[in-house]
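Each chain is listed here by its residues.
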Amino acid sequence: MELLKIGAIIDNEPLLNDHREEILSPADGHLVGHLYKSNIEDVKHAIDSAESAFYGTWQSFTLRERKKLLLRLYERILSKTDTYARLEAENTGRTIRQSTLMDVPVAVDHIHYFATEGQFKSKRRITHPDYPGTKGEVQYAPYGVVAAIAPWNVPFLMAVWKTIPALLAGNTVVLKPSLHTPATAYELVKDMVESGFPRGVVNLVIGSGREIGDELVSNRKVRMVSFTGSTKTGKEIMKTSASGVRKVVLELGGKSPTIVFDDCDLKKTVNGVLFSIFLHMGQICEAGSRLIIQNSIKDKFLSLLRRGIEAMKDGNPMDMETDIGAITTSDQLSKIRSMVERGTQEGSKIYYSKKLRNVPENGLFYPPTILDNVSTNMSVYREEIFGPVLSVIGFNTEREAIEIANDTRYGLAASVWTRNTAKARRVGSRIEAGTIWINQHHLPSAAAPRGGFKDSGVGRELGLEGLMEYTQTRHLFINDRGIEFDDIAPALVVSNQEFFEDL
Ligand code: NAD
């Protein structure tokens, strides 16, 4: 395969410079290509270009015209989904089966959703009951330049979520994917250029948060920051953004529970829990990393989970049959190792950890693992591991399950597994999290707002609520017929009637 060359795209022009770094495959360490890092001047150039595009061209595009362009982009990407799936798998180390059957089709569907959705309007009419005879128009105006910052774990979907709604709402964008996984974001922006997006409407910069992040978040021309990543970085970004009174939307970390009742459909629930934690080897913000299980079925359930893990095939992630993907970065692999070690020192027990025998040499792999004897004060219970590690804790009553589930600083997502829908709704409505799946996990709908309670974030992404985040309201108060107050108002500031008679 040809080596990738990934650099900034500014004003619709690719920019390759001297700051070259190798991109290695997490699955076996082979050279995938090179990336060309942007510097602060490049970031400033990208922001200037986005600002000129906002005032110069993009503002004159109607909502309909913007949707038309998005639809053209959708059609283009639809014709090359295999390319995206391969790039995503090569760059992240996830299995080609998961990128082909999940990441790419979901992202493509989401582009289609926003290109065709009909709920979002750029204005609405109101009346003012307090001023009869006047009219009002509430406009949903874009912010201008949005800095969109994405994490390394689900790069294509993140690049789509960070750009498409922002553009639909009329903003221009400077996108910064993670330095570790920029391949599909680069392809997306290239495809936007090819689809006819005007110069500067979408720009891409490549670099680490430490080197170029501050400029993106503090440049006075950036009016909104849309960030997805860790809670730690989110807090820093909120602080830096405050200097410019900038709008921020933060989609942050999670420690999501899967709550399993003894009246669940056992087969579906075992499958569901395996899916919730081992999709992309747990490197997903809403991964079901805490299994909260009714004690009456705990032993049986864990032995079924173990059988599920035993059945997972290890091998080269680029083979369609392989189930176990790589860990995307060596830092992340070290973090998983040290967190599990700390967990066992704190008293949890490895119930099962798969022996990996067929993974490629020089790959970054961690075996799917179940930790039992976990209690709520342990780090493996409280902190994001972001790997294929499931922490298990038992409960007896519904109330206890809810208390354990909410005993966390995070509040991103949860799933509830039971055949009793009334109970599931009752429990789900008391979990402090932005998304609750009932007898399901992970499935992201473009129509549904997603985001975090507590330390998992502020603001929402996707759905109408997510789109509205990219707008600010402007109220036009229209007095075109003359009203009673026209006579009252002048006398409030000038009491001398002669002045009005002389006018
Ligand atoms: P991270 O916070 O380290 O980095 C995220 C992005 O921010 C990267 O592009 C990085 O380069 C950039 N960045 C880092 N420091 C910055 C700074 N000071 N200023 C500006 N940008 C900066 O996160 P990560 O390790 O890439 O991703 C994993 C995290 O993302 C996990 O915590 C995961 O839960 C979270 N995540 C959340 C969601 C969600 O929807 N809530 C989705 C995916 C991932």
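Computed from a predicted structure; not experimentally measured.

> Can you break down the domain arrangement of the chain residue by residue, with the values?
Under the domain assignment used here, the chain contains domain 1 (4-251 + 470-476) and domain 2 (257-447). Put simply, the middle of domain 1 and the middle of domain 2, counted by C-alpha atoms, are 30 Å apart. With both chains or domains summed, domain 1 and domain 2 bury close to 2,500 Å², and 64% of this area falls on carbon and sulfur atoms. It is R97, M102 and W152 in domain 1 that bury the most area against domain 2; as a group they hold 22% of the surface buried on that side. Scanning the region where domain 1 abuts domain 2 turns up 1 salt bridge. Where domain 1 packs against domain 2, one counts 13 residue pairs in polar contact (both at pLDDT 80 or more). Put simply, the parts of the chain that give the side of domain 1 that touches domain 2 at least two residues each are α3 (81-92), α4 (96-116) and α8 (231-242). Sorting elements by how many residues they give to the side of domain 1 that touches domain 2 places α4 first, with 10 residues. The residue makeup of the side of domain 1 that touches domain 2, split by class, is 10 nonpolar, 12 polar and 7 charged.

> Break down the environment of V106 for me, citing the residues and quoting the values.
Within the fold, V106 resides in helix α4. Among the residues examined, V106 registers a relative accessible area of 17% and is labelled buried. Remark: the alpha-carbon pair of V106 and L157, spanning 51 residues in sequence, is separated by 7.5 Å. Setting aside residues no more than four positions away along its own chain, V106 makes contact with L157 and P444.

> Requested: an account of the site of the ligand, with residues and values cited.
Near the ligand, the surroundings consist of 28 residues, among which A150, K176, S230, T233 and E384 are the closest. Contacts to the ligand include T233, whose side-chain N or O atom sits 2.7 Å from an oxygen atom. Interatomic distance of 3.5 Å between a side-chain N/O atom of E236 and a nitrogen atom of the ligand. For the ligand, whose free accessible area comes to 850 Å², the fraction covered by protein is 87%. Of all the cavities here, the one that holds the ligand is the largest pocket.

Rules used in this analysis
- Within each chain, residues carry numbers counting from 1 in the order of the written sequence.
- Reporting of local features is limited, given that this is a predicted model, to residues whose pLDDT is at least 70; pairs of side-chain atoms are given and counted only at 80 or more, and all residues count toward the totals for whole chains, interfaces and linings.
- Based on all heavy atoms of the structure, the side-chain values leave hydrogens and waters out of the count.
- Domain borders in the structure are assigned automatically or taken from a domain database.
- Once two parts are joined, some of their accessible surface, as seen by a 1.4 Å probe, is lost; buried area is that loss totalled over both.
- Throughout this description, the term salt bridge denotes a Lys or Arg side-chain nitrogen within 4 Å of a carboxyl oxygen of Asp or Glu.
- Under the rule applied, a polar contact is a pair of N or O atoms within 3.5 Å (in protein, one hydrogen donor and one hydrogen acceptor; residues adjacent in sequence only if both atoms are side-chain atoms).
- Comment: elements are numbered from the N terminus, with helices defined as DSSP H or I runs of at least four residues and strands as E runs of at least two.
- Gly is put with the polar residues, along with every residue not named as nonpolar or charged; the nonpolar set is Ala, Val, Leu, Ile, Met, Phe, Trp, Tyr, Cys and Pro, and the charged set is Asp, Glu, Lys and Arg.
- Only protein chains enter the accessibility calculation, which uses a 1.4 Å probe. A residue is then buried if its area is under 20% of the maximum for its type, exposed if over 50%, and partly exposed in between.
- A contact between two residues is defined here by any heavy atoms of the two lying within 4.5 Å.
- Definition of nearness: a residue and a molecule or strand are near each other if at least one heavy atom of the residue lies within 4 Å of the molecule or strand.
- Computed by Shrake-Rupley with a 1.4 Å probe, the accessible areas treat only the displayed protein chains as cover when residues are assessed.
- Points on a 1 Å grid over protein atoms alone make up a cavity when a 1.4 Å probe fits among them but cannot get out, and a pocket when they form an open set with protein on both sides within 12 Å along at least five of seven lines; lining residues each have an atom within 4 Å of a point.
- To decide whether a molecule occupies a pocket or cavity, check its atoms: if more than half lie within 2 Å of the grid points, it is inside.

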